[in-house]
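If you want the building blocks of each chain, they are given just below.
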Amino acid sequence: MKRRRRPTKLTYGILIGLIFLLVGFIIKSPNDDTSEVNLKKNGSLIEHTRYEGIDLISDIKEEDKYYFVIHYPKFESKKLSNEIEEYATSVKKKFLKTVKENEEYIKNHKSSLFLTTELYTSFGDGIYSIVFSEGSYVAGANGEQRGKVYLVDVNKEKFIQQSEIIKDTEENRRKLYDILKGEFMNSPEYKPLFFDDFLKEWVSDEKNKFSNMYVTDKSLVFMFNKYEVTAGAAGMPKISIPFDKARNLLTDEWKEKLTDKFTKNDEDTNNYSDKPNKNESEPKHNSSIGKKVALTFDDGPHPENTIKIIDLLDKYEAKATFFMLGNRVNFYPKIAAKVAEHGHELGNHTWNHKDLTKLSKDEGLKEYERTRQSIEEATGKSPTVVRPPYGAINEEVQNALSKPSILWTIDTLDWKSQDPDEITRIVKENVQDGSIILMHDIQSSTVQAIEPILQFLKEEGYEFVTVSELNTEY
Ligand code: ZN
């Protein structure tokens, strides 16, 4: 499998990332006001998600010295939304302040902030855990990582305190310490990095109201900040306690709520039957004179644009490769599933588009691993290729991966021009047998360019293949 050299400058790549959720709003105003009206002008985008009544807000910006990518949910209830938005805004403001204070030290590497949201529904009765992960790097200092958890009851329009779930007694704190310690010691990953004294301190601190705990459909999860109870290399450890094990920690109200979760009944949902894939049984096209081209789409899935692209590809019987972001697959699993069902190749583009060259080997691998899991859960299939954000390969990470990193030979710069004619022109002028074309399925201008591109390439005698099919020809 060929590895390709980085064809564009990193700075261009960074811009791609920044624009990866925008449908065309370039930031003009330096205003920090994040009221809904301003958000739109200010490089933010609101999208519907698979969760009823919950939208996802993306706030993205790049300047000379820094860039940030912020995601947070928006609820129908103003009361809930305001508090969440206030938090996201405060994270952003703090970052911008730090950047300002360190401005003179920021030279080669831009400062960056990523605020990622994950949503867990626990019981289908309007109770959600919102889990924020914040990672920032300023002026070459050690990156900071911390988390923040909100538990919301959408139906009652209120936040739930963790102390409503865990009965806060001295005995329970001791129990919790034992359980958490046991989990840390049982984890080959965390055991060598775990500081027992720090956990003791954490659990006996009266100010600690377990605000780092959230609830999934299977367990209580405790998410610790970097350095809180482990060495930095552990990042932000998450310790899951299955409901059965946590039973005695719960308040009566929550014991009742979770009654039907206690009888341990492990439905194995991982047992995906392979969907029959028509193409696999067909003889491979093996003409040696046929020209081939691989269309690739990054940074999705997107609830509308990805679907439109799939439909157009179907129309031209074209197969393509979609390099997806894990945190977006998490929000749009059905879209990811549709990509797979239509026979396209699944690519791993990391969890939330961090520059892997700024991460340690383990952190980088985690970015890919979480995404692999998310894609597998959504589609029942494993991604077969990876593509590092910005084309920036971390050699250590790459050497530890079993999958090839696929970059591109033609960069349509679709994120930059937002112009279907310009995108089409770049393809027409540069395409040759074996080209790998980079586009982004999150942009509506790219959607408009797809049909002219397919039309042209078809007339020129090209066959549309996935990157793996292309590379096996070499
Ligand atoms: Zn990308």
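Residues numbered from 1 in each chain as written. Predicted model: local features only at pLDDT ≥ 70, side-chain atom pairs only at ≥ 80, totals over all residues. Heavy atoms only, no water.

**A few points about the overall build of the protein chain**
For clarity, the cut-off: Secondary structure counts use DSSP, requiring at least four H or I residues in a row for a helix and at least two E residues in a row for a strand, with both numbered from the N terminus. Categorising residues by exposure relies on relative accessible area from a 1.4 Å probe, with only protein chains included: less than 20% of the type maximum marks a residue as buried, more than 50% marks it as exposed, and the intermediate range marks it as partly exposed. Residues count as neighbours in contact if any of their non-hydrogen atoms are within 4.5 Å of one another. Here, Shrake-Rupley sampling with a 1.4 Å probe gives the accessible areas, and only protein chains in the shown set may cover a residue.
If you tally the helices and strands in the protein chain, you get 18 helices and 17 strands. Looking at the protein chain as a whole, 54% of its 474 residues are labelled buried. Across the protein chain, the fraction of contacts at a sequence separation of at least 24, relative to all contacts at a separation of at least 6, is 68%. If you sum the accessible surface of the protein chain, you get close to 22,500 Å²; carbon and sulfur atoms cover 46% of it.

**Structural notes on the packing of helix 16 (residues 420–430) against helix 17 (residues 444–459)**
To be explicit about the condition: Note on method: axes are straight lines fitted to C-alpha atoms, helices fitted across the in-contact stretch only, with angles between N-to-C directions ranging 0 to 180 degrees. In this scheme the crossing of two helices becomes right-handed for a clockwise turn of the near helix relative to the far one and left-handed for an anticlockwise turn of less than a right angle. All residues other than Ala, Val, Leu, Ile, Met, Phe, Trp, Tyr, Cys, Pro, Asp, Glu, Lys and Arg, Gly among them, are scored as polar; the first ten of these are nonpolar and the last four charged.
The contact between helix 16 and helix 17 brings their axes to 8 Å, and the two run at 35 degrees. Seen along the crossing, helix 16 lies across helix 17 with a hand that is right-handed. Every residue of helix 17 that contacts helix 16 at Pro-420, Ile-423, Thr-424, Val-427 and Lys-428 is listed here: Ser-445, Thr-446, Gln-448, Ala-449, Pro-452, Ile-453, Phe-456 and Leu-457. Of the residues belonging to the contact of helix 16 with helix 17, the class tally is 8 nonpolar, 4 polar and 1 charged.

**A word on the confidence of the model for the protein chain**
Keep this limit in mind: A residue's pLDDT is simply how confident the predictor is in it, with values from 0 to 100.
The pLDDT averaged across the protein chain works out to 82; a share of 83% of its residues lies at or above 70. Contacts of residues 1–42 to residues separated by more than four positions or lying in other chains number 107 contacts, the stretch itself having pLDDT below 50. Counting interchain partners and residues more than four positions distant, the pLDDT-below-50 stretch residues 264–288 has 15 contacts.

**Some words on the sheet that holds strand 10 (residues 238–242)**
Condition: At least two bridges found by DSSP between two strands are what make those strands a pair.
Spatial ordering of the open sheet is given by 8-9-10, a layout of 3 strands whose pairing is antiparallel. Looking along the sheet, the strands with just one partner apiece sit at the ends: strand 8 (213–215) and strand 10. Across the sheet, the axes of successive neighbouring strands diverge by a mean angle of 25 degrees, strand direction being ignored. Pairing between strand 9 (residues 219–223) and strand 10: 5 bridges, direction antiparallel. Its bridge partner being in strand 10, Val-221 is matched across the sheet by Ser-240. Packing against the sheet, helix 4 (residues 170–186) makes contact with strand 9 and strand 10, and its axis sits at approximately 115 degrees to strand 10.

**Points about the nonpolar core**
This is how it is decided: We define a nonpolar core as any set of buried Ala, Val, Leu, Ile, Met, Phe, Trp, Tyr and Cys residues linked to one another through side-chain atoms lying within 4.5 Å.
Ranked by internal contacts, the top residues of the largest apolar core, which has 38 residues, are Leu-176, Leu-180, Trp-202, Phe-222 and Phe-224. Top contributing element to this core by residue count: helix 4, with 5 residues. Ignoring anything within four residues of it in the chain, the contact list for Phe-222 reads Ile-166, Leu-176, Leu-180, Trp-202, Phe-210, Asn-212, Met-213, Pro-237, Lys-238, Ile-239 and Ile-241. With 35 residues, the next largest nonpolar core counts Val-329, Ala-378, Val-427 and Ile-453 among its residues.

**Things to note about the coordination of the zinc ion**
The condition that has to hold: Donor selection uses N, O and S atoms within 2.8 Å of the metal (3.2 Å for Na, K and Ca). Since no water is included, sites may look incomplete.
In this structure, Asp-299 (OD), His-349 (NE2) and His-353 (NE2) serve as the protein donors to the zinc ion, at separations of 2.1 Å. Mapped onto the sequence, the donors of the zinc ion take the spacing D-x49-H-x3-H. Taken individually, His-349 and His-353 each receive the classification buried, so the pair is uniform in this respect.

**With respect to the pairing of strand 16 (residues 435–440)**
Burial analysis of strand 16 places 6 of its 6 residues in the buried class, which makes it a mostly covered element. Residues Ser-435, Ile-437 and Met-439 of strand 16 are buried on one face, and the alternating residues Ile-436, Leu-438 and His-440, pointing to the opposite face, are buried as well. Bridge count for strand 11 (residues 291–300) against strand 16 is 6 bridges, and the pairing is parallel. Across the sheet, residue Val-293 finds its bridge partner in strand 16, namely Ser-435.

**Focus on unusual backbone geometry**
Of the consecutive residues Gly-300 and Pro-301, the connecting peptide bond is found in the cis state with omega at 0 degrees. Secondary-structure assignment places Pro-301 in the loop between strand 11 and helix 10 (305–315). Unlike most non-glycine residues, Phe-210 shows phi in positive territory, near 60 degrees. Turning to its location among the elements, Phe-210 is positioned in the loop between helix 5 (196–204) and strand 8. A relative accessible area of 1% means that Phe-210 is categorised as buried. Phi at Thr-350 takes a positive value of approximately 75 degrees, unusual for a residue other than glycine. Relative to the helices and strands, Thr-350 is located in the loop between strand 13 (345–348) and helix 13 (361–379).

**Some remarks on a negative patch on the surface**
Worth spelling out the cut-off: Each patch is assembled from residues with relative accessible area greater than 30% and no salt bridge, linking like charges that lie within 9 Å and nonpolar side chains (Val, Leu, Ile, Met, Phe, Trp, Tyr) that lie within 5 Å. The term salt bridge refers to a pairing of a side-chain nitrogen on Lys or Arg with a carboxyl oxygen on Asp or Glu at a separation within 4 Å. Charge assignment: positive for Lys and Arg, negative for Asp and Glu; neither His nor the chain ends contribute. By convention, the point assigned to a charge is CZ for Arg, NZ for Lys, CD for Glu and CG for Asp.
There is a patch of like negative charges on the surface, built from Glu-170, Asp-197, Glu-201, Asp-205 and Glu-206. Within the fold, Asp-205 resides in the loop between helix 5 and strand 8. Exposure remark for Asp-205: the relative accessible area of 33% places this residue in the partly exposed category.

**Quick notes on helix 10**
Under the convention used in this document: The arc under discussion is defined with respect to the helix axis, by the directions toward the C-beta atoms.
Considered for burial, the residues of helix 10 that qualify are Asn-305, Thr-306, Ile-309, Ile-310, Leu-312 and Leu-313. On an axial view of helix 10, the arc spanned by its buried residues comes to 165 degrees, and they lie on one face. Packing partners of the buried residues in helix 10 comprise strand 11, strand 12 (321–324), helix 12 (333–341) and helix 17. Glu-317, located one to two residues past helix 10, shows a positive phi value of around 45 degrees.

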